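A look at the structure
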2 protein chains.
Amino acid sequence: MDHTIIFQPSGRRGLVPEGTTILEAARRLGVGIEAVCGEQLVCGKCRVKVMEGKFPKEDITSSMGHLSGLDEKEVKVLQRKESEENIRLACSTKIYGDVLVFVPEASRTGKQVVSKAAGKIKVKLKPAVRKYYVELPLPSLDDPLGDFERLEEALAKAHGAKKLSIDYRVLQQLPDAIRKGDWKVTATVWQGREVIRVEPGKVESSIGLAVDIGTTTCAGYLTDLNTGEVLATESMMNPQVRYGEDVMSRITYCMMNEGTGLKELQQTIIEGLNTIAKQAAKKAGCSPEDISEMTLVGNTAMHHILLGINPEYMGVAPFTPALHESVDVKADRFGIHILPAGNVHVMPIEAGFVGADNVGCLIADQPHKRKEMTLLIDIGTNGELVLGNKEKLISCSCATGPALEGAQIEFGMRAAPGAIERIKINPKTLEATYKVIGNDEWSDGKTNMQAKGICGSAIIDAIAEMFKAGILRKNGQINMDLKSPRLRKGDKGVTEYVLAWKHETSIDQDIVVNQKDVRAIQLAKGALYSGCLIMMRKLGIRKFDRLAVAGAFGSHIDKVEAMVIGMFPDCDLKKVEYIGNAAGDGARIALLNVDRRREANEIARKVEYVELALEEDFNDRFGEAMQFPHMFDEFPHLKGILPGKAQEAA
Amino acid sequence: MDHTIIFQPSGRRGLVPEGTTILEAARRLGVGIEAVCGEQLVCGKCRVKVMEGKFPKEDITSSMGHLSGLDEKEVKVLQRKESEENIRLACSTKIYGDVLVFVPEASRTGKQVVSKAAGKIKVKLKPAVRKYYVELPLPSLDDPLGDFERLEEALAKAHGAKKLSIDYRVLQQLPDAIRKGDWKVTATVWQGREVIRVEPGKVESSIGLAVDIGTTTCAGYLTDLNTGEVLATESMMNPQVRYGEDVMSRITYCMMNEGTGLKELQQTIIEGLNTIAKQAAKKAGCSPEDISEMTLVGNTAMHHILLGINPEYMGVAPFTPALHESVDVKADRFGIHILPAGNVHVMPIEAGFVGADNVGCLIADQPHKRKEMTLLIDIGTNGELVLGNKEKLISCSCATGPALEGAQIEFGMRAAPGAIERIKINPKTLEATYKVIGNDEWSDGKTNMQAKGICGSAIIDAIAEMFKAGILRKNGQINMDLKSPRLRKGDKGVTEYVLAWKHETSIDQDIVVNQKDVRAIQLAKGALYSGCLIMMRKLGIRKFDRLAVAGAFGSHIDKVEAMVIGMFPDCDLKKVEYIGNAAGDGARIALLNVDRRREANEIARKVEYVELALEEDFNDRFGEAMQFPHMFDEFPHLKGILPGKAQEAA
């Protein structure tokens, strides 16, 4: 008898025979779970959390009954609290019923390759936080001036810093710090107005942390505030993933669990931020307390939840956010474990659906300072578009869903070792060849490539190549009239194209792209493309001068293949720029320059938000945009790129 | 066999026979302990805490062995935690050895009469906190402006409040508050720049709390910020009293218990402030959350401990405080339970020994705005002096000790019912007559006046009357050459004057003033008087135009008697003004007018502090000042007041 197992957060699912261990099932389905000790129940690396799943309601509480009982050795490895929270070891837990299993970040194999690497940014150094070393005159009975005023006078004399206040907690440590430093101290001053730290002696190192809170991935950039250099980059899965893969499911969680849900989600991301701060500091050989300021970007939902603001009203018309402006909060009031008196700067948001991440992109790419008409696309779990130049900027949000990132795709997976990342299909033979992350060779159809699944960029390749080879019709249907062993009907009668044969994979099954996958990508790219068209109509333009593709995922897309499937309007491919994780870059820029923070607040209010759903032509455009490109009138720059078969299909 | 029992915080001590209950001992010694149920072990009102005391070191831990064991009924009344903390019921606990007992505020009988009543103050209303009612335009898809920016625009339009920020926690409540109020809300704005509360609908009441943290007594004035009216006054014993009666013993406690002592003391006063806020709010029929701001005054030690700053360095030369300037801290960061985003304003201090209480006096009395030369005396547990006018102000601190408040005086007690408050001695018969608080009649030597002890103001009367009657020589010695049954040698050979006979008292013993009491007062008044003389020399003046006596205690002193004993230099008694609890008035002024806060910071830095101990003539002056006045050259205004006997004594 077979049972269904679903793994979160990847969404991978499949049937496995009764008695299979969770670890074995994970391997079969291409879900990477660490297992260092060789299933000796010693290492404890394969911890997973058993969650409720798609079971009849009455079964939920007995979901543990769907699994083998706790092994004696397992009991030794797990802490009592863990057992109570349904944590199990994947290697020893056998499946006796349908289960939904969450694989925590710590148990996942393979470091994510698409880390949100720090790009090169040009920014004048003008951080909010500065350190000043001063030597204080010793007090005497003739000069019994208070410690703080003594420090203030010395700072004014040496560095011109005037009219300072001092954080309450720093004040508490001031007398001892001054005396420990023998009247020589380094004062950390925020925004030229508040003393947020006093260290004995001379301390030059000044550190900040910029964090990009993505719906799926969070990335922190520990930055030297004296040089602008990135000292350490630390990425992690957004721990809120366990409350839902996408933004709407997390908002729903808040609404369904009034009073507690929001707090839970907020606490989860705050803990995540604390982990990033701790790990990044460790990498750089400093303490989290040495981080004097933190800047944060994220989409509007991440923004609201982070600040503990009910995101509910943003999800319903007229989609008003709680505020647009940036927010500054003391780290200790926020529960963020950096310098307690340090500031946490949450960047501004534009509108209900265009968040601080987009503002980050804007201050990194600065389309508002350019003459050229720029289309900026930030593809994350949602797609955010900005179109315009220094005259005017408009923005919109497209409900692309997570398909473009490989989620909700049958064999979709993160960009980790084993993921197929590039695909070519021979239009004549309909044979596929591909590259797997961690292996420089292209597949030859014989070698076991240890393929596990398909990552986001390869999904676009696959669709584009299938379209160019005529496997897909312009409406997206798989053309079963073609003859190839790779084209077939799958288990449930869903048509599919085999990308990698079982013997090439490490998951003991064929890796395929099926009709459902194609539809998911069509919806996603249709949302983006129609968004672009409506925006262009709004500005009354027929073409733009420059396409800036932001987002860690965006950086890995093949721009030709992306235009082949019609993800964005026609343009000169030479004018397509990958601007990397521009949201994260924006957070770093804000960390390094206070004037750019002001610019961020200004631009956030200046961008005009277009509510796509309100546009009359939305449905028509969306319907059209779902199709694959078929007219060279529409995509002149594809001329000579689209091969014969695609034209035939058209 | 008799045992010594000492009661804190009154300091009353005495010998009682073995087997006496603590309650009985308290009655005998004039210590008021509540006992409502008639010793039926039911009401639990007579809870006392058994402390370590003046026992041989090895006895400290076994101090419970000096008492009868826990009675079965007692166990029922007390909570387990209380027993562990050595809380006992006074009515059932018998004495079998020397003990030191602390009587908590809640168990003390009689409300303190010398409450720090709110004086009349003249102040232009310009509070830091203002409430604005606004009606917001409803958002729509065409106008999806964020909630905060919507509020900000409405506030700017209606009230001109611009460039606002919003407290992080208030932001969290903003979307719900606005919608609950159907887009009509009242915003509380601090310093014209930060929104610290948003209430649905129209709310007019705006409330603040000014608190005077005395070493012994704390008084809170719940104040209507719209009218300046005091809505409720709430006084309590400073709960830090259990760590020591005076400032130095509390500083010592901090030093002896490094790492924990300061935190304990800080937590204790914060809890005290929370109690005051809660009780005052209850009296006025509002919630503590309705208190939008709190202003605080206190001497430098109270100031530092309140802020959690190590007070150690202030206690040793060169006596530098951690800071002079006022401090603003968010209530929730401070642990103060008023409006969480509300501000706690701690007023500035002048020098290591001249605190925010003195600054409070200055902004209340404003000697710095007067032409006349003012001598301002604030008598609390310490005596603080300011001398000067609008040209120049100097200040000093005199180590008066608590004797002037009736502490460390054999029969000294708080100004509560049963306390002798006025005394007259017939210079011919040497007979005394007195008034007791709670009784309008003067004693006749026969009636049982239910006298329990002598409060601070009466101590001065007693000394002055004894001096005028010739009972005291000018050097303070009791003149045993005089013949009177009231003049005798006490138990331990200490000479004493009987003020009230046993049959006139409720404590079943004679109430006396002994030689030690006289010495204590001599030291206190000597410290004050010599301070005044040195200050006058510093300013090069021989007389001042005005004497302002501040302090709750100061208000109860008979100015003639005070000048008779030479508490302050000679002056026209018509020019003596009682300015009441000016420190508390200053806190209220700061609460009601932000300009006066600036004035406070300015004046705090402007006053020149004189370190008396550094003055060459300090010892000489102090020695002379200990004497009682004897030359009409020195005190011309006493002419006709001092009777013959005093002159003879001189």
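This one's a predicted model, so the numbers in the text were calculated from it and none came from an experiment. (Residues numbered from 1 in each chain as written. Chains lettered and ligands numbered in written order. Predicted model: local features only at pLDDT ≥ 70, side-chain atom pairs only at ≥ 80, totals over all residues. Heavy atoms only, no water.)

Notes on the side chain of B:Ser68
Residues and elements named next belong to chain B. Rules: Here a helix means four or more residues in a row that DSSP labels H or I, a strand means two or more in a row labelled E, and each is numbered from the N terminus. As used in this structure description, the phrase polar contact means that two N or O atoms lie within 3.5 Å; if the pair is within protein, one of them must be able to donate a hydrogen and the other to accept it, and residues adjacent in sequence are counted only when both atoms belong to side chains. We call two residues in contact whenever any of their non-hydrogen atoms come within 4.5 Å of each other.
Considering the arrangement of structural elements, one finds Ser68 in the loop between β3 (47–51) and α2 (72–77). Polar contacts involving the side chain of Ser68 include one to the main-chain amide nitrogen of Lys94, which spans 2.8 Å. The residues touching Ser68, leaving out its near neighbours within four places in the chain, are Arg88, Ser92, Thr93, Lys94 and Tyr96.

Comments concerning the pattern of salt bridges
Rules: Between Lys or Arg on one side and Asp or Glu on the other, a salt bridge is scored when a side-chain nitrogen of the former is within 4 Å of a carboxyl oxygen of the latter. The buried label goes to any residue with under 20% of its type's maximum accessible area, the exposed label to any with over 50%, and the partly exposed label to all in between, with areas taken from a 1.4 Å probe on protein chains only.
Evaluated as defined, the whole model comprises 74 salt bridges over all chains. For A:Arg197, the salt bridge identified is with A:Glu199, shortest N-O distance 3.5 Å. The pair formed by A:Arg197 and A:Glu199 is uniform in burial state, with each residue classed as buried. B:Lys126 serves as the salt-bridge partner of B:Asp595, at 3.0 Å between the closest nitrogen and oxygen. With B:Asp595 in helix α15 (residues 594–606) and B:Lys126 in the loop between β5 (99–102) and β6 (129–135), the pair connects residues that are 469 residues apart, well separated along the chain. Given the relative accessible area of 30%, B:Lys126 is considered partly exposed. Because the salt bridges share partners, they merge into one network encompassing A:Asp167, A:Arg169, A:Glu194, A:Lys330, A:Asp332 and B:Arg333.

Examining the interface of chain B and chain A
So the rule is basically this: Here's the idea: put two parts together, see how much 1.4 Å probe accessible area each one loses, and the total over both is what we call buried area. Only Asp, Glu, Lys and Arg are considered charged, only Ala, Val, Leu, Ile, Met, Phe, Trp, Tyr, Cys and Pro nonpolar, and every remaining residue, Gly among them, polar.
Counting residues at the interface gives 48 residues for chain B, matched by 49 residues for chain A. Across the interface of chain B and chain A, roughly 4,000 Å² is buried in total on both sides, 58% from carbon and sulfur atoms. When the buried surface of chain B facing chain A is broken down by residue, B:Leu141, B:Tyr168 and B:Arg333 rank first, second and third, together holding 21% of it. Applying the counting rule to chain B against chain A returns 4 salt bridges. B:Asp167 is the salt-bridge partner of A:Arg333, the closest N and O atoms lying 2.8 Å from each other. Linking chain B with chain A are 24 residue pairs in polar contact (both at pLDDT 80 or more), by the criterion used here. Breaking the side of chain B that touches chain A down by element, the ones donating at least two residues are α4 (147–159), α5 (168–180), β14 (327–330) and α9 (331–334) of chain B. For the side of chain B that touches chain A, the element with the highest residue contribution is α5(B), accounting for 8 residues. Split into classes, the residues belonging to the side of chain B that touches chain A amount to 25 nonpolar, 8 polar and 15 charged.

Overview of the confidence of the model for chain A
Residue and element names in this part refer to chain A. Heads up, the condition is: Per residue, pLDDT measures the predictor's confidence, with a range of 0 to 100.
When pLDDT is averaged across chain A, the result is 87; 92% of the residues are at 70 or more. Counting interchain partners and residues more than four positions distant, the pLDDT-below-50 stretch residues 111–115 has 15 contacts. For this predicted complex, the interface score ipTM comes out at 0.80, while the overall pTM is 0.80.

Quick notes on the pairing of strand β16 (residues 374–379) of chain A
Residue and element names in this part refer to chain A. Definition in use: DSSP-based pairing: two strands are paired if at least 2 bridges between them are found.
Counted residue by residue, β16 has 6 buried out of 6 residues, so it is predominantly covered. Alternating positions in β16 separate into two faces, Thr374, Leu376 and Asp378 on one and Leu375, Ile377 and Ile379 on the other, with burial throughout. Bridge analysis of β16 against strand β25 (residues 546–550) gives 5 bridges, and the strand direction is parallel. Its bridge partner being in β25, Thr374 is matched across the sheet by Arg546. Both β16 and strand β17 (residues 383–388) contribute to a ladder of 6 bridges, which runs antiparallel. Bridging from a neighbouring strand, Leu375 pairs with Leu387 of β17.

A short note on the packing of aromatic side chains
When we look at a pair of aromatic rings, we describe it by the centre distance and by the angle of the planes. Spelled out, the test is: To pair, rings of Phe, Tyr and Trp, with the six-membered ring standing in for Trp, must have centres within 6.5 Å; the planes then decide the type, stacked if under 30 degrees apart, edge-to-face if over 60, and tilted in the middle. Here, over-ring charges are defined by two tests on the NZ atom of lysine or the CZ atom of arginine: distance to the ring centre within 6 Å, and angle to the ring normal within 35 degrees.
Taken as a whole, this structure holds 7 aromatic pairs over all chains when the rule is applied. Summarising the aromatic geometry, the rings of A:Tyr168 and B:Phe334 are spaced 4.9 Å apart at their centres and angled 55° between planes, so their arrangement reads as tilted. Taken as a pair, A:Tyr168 in helix α5 (residues 168–180) and B:Phe334 in helix α9 lie in two separate chains rather than in one. By the burial criterion, A:Tyr168 is buried, and B:Phe334 matches it. A cation sits over an aromatic face here: A:Arg179 above B:Tyr313, 3.9 Å from the ring centre.

With respect to the sheet that holds strand β20 (residues 432–436) of chain B
Residues and elements named next belong to chain B. To keep it simple, the criterion reads: Here an angle of 0 to 180 degrees is reported between the N-to-C directions of two axes, which are lines fitted to C-alpha atoms, with helices fitted over the stretch in contact.
Sheet architecture is open: 3 strands sit in the order β20-β19-β21, paired in mixed fashion. At either margin of the open sheet sits one strand with a lone partner, and together these are β20 and β21 (453–454). Relative to β20, strand β19 (residues 419–425) runs antiparallel, the two sharing 5 bridges. Within the sheet, the bridge partner assigned to Lys424 lies in β20 and is Thr433. Along the sheet, helix α11 (residues 456–468) makes contact with β19 and β21, crossing β19 at roughly 15°.

Thoughts on the relation of the copies chain B and chain A
Test applied: In this comparison the copies share one frame, found by least squares on the C-alpha atoms of residues holding pLDDT of at least 70 in both.
Relative to chain A, chain B is turned by 180° and slid 0.1 Å along the rotation axis, the superposed coordinates differing by an RMSD of 0.2 Å. This pairing of chains is accounted for by a two-fold axis. Looking at the rotation axis and the C-alpha trace of chain B, the residue lying nearest is B:Arg333, at 3.4 Å. A shared interface surface links the copies, since 100% of the contact residues of chain B are contact residues in chain A too.

Side note on the nonpolar core
The test is simple: The nonpolar core is taken to be a set of buried Ala, Val, Leu, Ile, Met, Phe, Trp, Tyr and Cys residues, with the residues joined through side-chain atoms within 4.5 Å.
Grouped together as the largest cluster of nonpolar side chains are 92 residues, with contacts concentrated most on A:Met294, A:Phe334, B:Leu151 and B:Val195. Once residues within four sequence positions are removed from consideration, A:Met294 is found in contact with A:Leu209, A:Val211, A:Leu273, A:Ala277, A:Ile336, A:Ile338, A:Asn343, A:Val344 and A:His345. Membership of the second largest hydrophobic core comes to 90 residues, among which are A:Val129, A:Leu136, A:Leu393 and B:Ala277.

Side note on the state of the cysteines
Residues and elements named next belong to chain A. Where we set the bar: When two cysteine sulfur atoms are found within 2.5 Å, that pair is recorded as a disulfide.
According to the stated counting rule, one finds 0 disulfides over all chains in the structure shown. Sulfur of Cys532: no disulfide; nearest cysteine sulfur belongs to Cys398 and is 6.5 Å away. Cys532 gets classed as buried once you look at its relative accessible area, which sits at 0%.

Observations regarding the environment of A:Thr447
Residue and element names in this part refer to chain A. One can find Thr447 in the loop between β20 (432–436) and β21 (453–454). A relative accessible area of 38% means that Thr447 is categorised as partly exposed. As for Thr447 and Thr505, which are separated by 58 residues in sequence, their C-alpha atoms are 9.2 Å apart. Setting aside residues no more than four positions away along its own chain, Thr447 makes contact with His503 and Glu504.

A few points about helix α6 (residues 247–256) of chain B
Residues and elements named next belong to chain B. Rule in force here: Summarising the geometry, the arc corresponds to the directions from the helix axis toward the C-beta atoms.
Among the residues of α6, Val247, Arg250, Ile251 and Cys254 are the ones counted as buried. An end-on view of α6 places all buried positions within 100° of arc, on one side of the element. Lining the buried residues of α6 we find α7 (261–284) and α8 (300–306).

Overview of the sheet that holds strand β22 (residues 487–489) of chain B
Residue and element names in this part refer to chain B. Read across the open sheet, the 3 strands follow the order β22-β23-β24; overall the sheet is antiparallel. The open sheet has two edge strands with one neighbour each: β22 and β24 (511–514). On average, adjacent strands in this sheet sit at an angle of 40° to one another, irrespective of strand direction. As paired strands, β22 and strand β23 (residues 495–500) are joined by 3 bridges and run antiparallel to one another. Bridge assignment links Leu487 to a residue of β23, and that residue is Tyr497. Across the sheet, helix α12 (residues 515–539) lies against β23 and β24, angled at about 55° from β24, the strand it touches most.

Topic: the packing of helix α10 (residues 356–365) of chain B against helix α14 (residues 582–592) of chain B
Residue and element names in this part refer to chain B. Selection rule: Geometric relationships in this document are graded by angle, where less than 35 degrees denotes roughly parallel, more than 145 denotes roughly antiparallel, 65 to 115 denotes roughly perpendicular, and other angles denote oblique.
Between α10 and α14, the shortest axis-to-axis distance is 7 Å and the interhelical angle comes to 75°. Compared by their axis directions, α10 and α14 come out roughly perpendicular. Side by side, α10 and α14 meet where Asp357, Gly360, Cys361, Ile363 and Ala364 of the first sit next to Ala582, Ala583, Asp585, Gly586, Ile589 and Ala590 of the second. Its residues placed into classes, the contact of α10 with α14 shows 7 nonpolar, 2 polar and 2 charged.

Digging into the environment of A:Glu194
All names here are of chain A. Along the polypeptide, Glu194 turns up in strand β9 (residues 194–200). A residue is classified by how much of its surface remains accessible, and Glu194, at 14% relative accessible area, is buried. Once the C-alpha coordinates of Glu194 and Gly401 are considered, the two residues, 207 residues apart in sequence, prove to be 44 Å apart. Setting aside its immediate chain neighbours within four residues, Glu194 contacts Leu164, Ser165, Ile166, Asp167, Thr188, Val189 and Lys330. A polar side-chain atom of Glu194 sits 2.9 Å from a polar atom in the side chain of Lys330.

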